[in-house]
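# Descriptive analysis of the structure
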Amino acid sequence: LGHNRQKNRIVTGGKGWMHALGLADAKGEILPTAQDKYRQINKYIEVLDALLKQMPDTGMAIRIADMGAGKGYLTFALYDHLANTLQRKADIVGVEFRPDLVTLCNRTAKASGLSGLHFVEGTIDGFDCSTFDVVIALHACDTATDDAIAKAIKANAGLIVVAPCCHKQIRREMEKAGGKRDNPLEFLTKYGTYVERIAEMVTDGLRGELMELHGYKVNQFEFISDTHTPKNVMITAVKQDISDKKAAALKAAIAATKAQFGIAHHALEDRLGGE
């Protein structure tokens, strides 16, 4: 009997938007083909719930930009959770470059009575998020993640949440430097598959250091099993003060890491003006 305990899900079925987006049937039952996505949504809301509760409720609507919203599964779930579970005012904008998805999501939001949720057509690089409290970018490809992080930092956002994807830029930097320096990791980097894995870790590790340098407390973790999605690392960054001593130490650590792996530049560093 214990094996069949009812799972405690934050996001439950029966939502109109779930049916409209193809997650559930007309009765509110999650479709068999959508089970992985449903687990991902629940874990995402679990993570965001804890982070958003740390942000003070001023009585004003919390403004959230979801960069590269796609079909909007996670965007809808977050708004629904904020407005209907936490009873908190929210204004969420989903940014998506595919016009058919923008139309679908806006139609679904209106039909579901989610008045503070809307979607706009555009790119991460072209969207102005200067007035937003929270910036989210999930599975933005390669340096599009850096675009989102840089925009959030420049906007002084209180919370940044990204799930990086397709780490190409640093891998190319490492491959260009191969054989031109003393590399203590050559026993690994002579194999392409390990270069890819190391490049992913170095890319995101430097992203974390750069965010810390700009006054954020950073955490990186697997937010869901890789059986559901191979791109399962999430980076969260909460705004905080930073001392001059820590800033100096971070700058030295960033420089040392770049030198060790033969990295001439990191896309996020470039977007922040090399600061």
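Before any of the text, the structure's been laid out above.
Worth saying up front: this structure is predicted, and the values here are computed from it rather than measured.

Reading the values: rules and limits
Residues numbered from 1 in each chain as written. Predicted model: local features only at pLDDT ≥ 70, side-chain atom pairs only at ≥ 80, totals over all residues. Heavy atoms only, no water. Phe/Tyr/Trp six-rings, centres within 6.5 Å; stacked < 30°, edge-to-face > 60°. Helix = DSSP H or I, 4+ residues; strand = E, 2+ residues; numbered from the N terminus. Buried < 20%, exposed > 50% of the residue type's maximum accessible area, 1.4 Å probe, protein only. Pairing = 2+ DSSP bridges. Axes fitted to C-alpha atoms, helices over the stretch in contact; angles between N-to-C directions. Contact = heavy atoms within 4.5 Å.

Let us look at the packing of aromatic side chains. Enumeration according to the criterion identifies 4 aromatic pairs in this entry. Judged by centre distance (5.5 Å) and plane angle (25°), the ring pair of Phe76 and Phe119 falls under stacked. Here Phe119 lies in strand 3 (residues 117-121) and Phe76 lies in helix 3 (residues 73-85), a separation of 43 residues in the sequence. You can call Phe119 buried: its relative accessible area is 4%. A centroid spacing of 6.0 Å and a plane angle of 85° characterise the contact between Tyr191 and Tyr194, whose relative ring orientation is edge-to-face. Given the relative accessible area of 42%, Tyr191 is considered partly exposed. The rings of Trp17, Phe76 and Phe119 are connected pair by pair, giving a single aromatic cluster.

Moving on to the sheet that holds strand 6 (residues 216-222). Spatial ordering of the open sheet is given by 3-2-1-4-5-7-6, a layout of 7 strands whose pairing is mixed. Each having just a single partner strand, strand 3 and strand 6 make up the two edges of the open sheet. Here the average twist between neighbouring strands, direction ignored, is 15°. As paired elements, strand 6 and strand 7 (residues 233-239) share 7 bridges and run antiparallel to each other. Considered in strand 7, the bridge of Val218 is made with Ala237.

A few words now on helix 5 (residues 144-154). For helix 5, a buried count of 9 out of 11 residues is recorded, marking the element as mostly surrounded by other parts of the structure. For helix 5, the set of buried residues is Ala144, Thr145, Asp146, Asp147, Ala148, Ile149, Ala150, Ala152 and Ile153. After helix 5 finishes, the residue Asn156 shows a positive phi value of roughly 60°.

With that out of the way, let us pick up the environment of Arg9. As for its placement among the helices and strands, Arg9 is situated in the segment before helix 1 (16-20). Using a relative accessible area of 26% as the deciding quantity, one classes Arg9 as partly exposed. Discounting chain neighbours no more than four positions away, the residues touching Arg9 are Tyr38, Arg39 and Asn42.

The next thing to look at is the pairing of strand 1 (residues 62-67). Across the 6 residues that make up strand 1, a large majority, 5, are buried. Bridging between strand 1 and strand 2 (residues 90-96) involves 6 bridges; their strand directions are parallel. The residue of strand 2 that forms the bridge with Arg63 is Asp91. Sheet analysis places strand 1 next to strand 4 (residues 134-141), joined by 4 bridges and oriented parallel. When the sheet's bridge partners are listed, Met67 is paired in strand 4 with Ala137.

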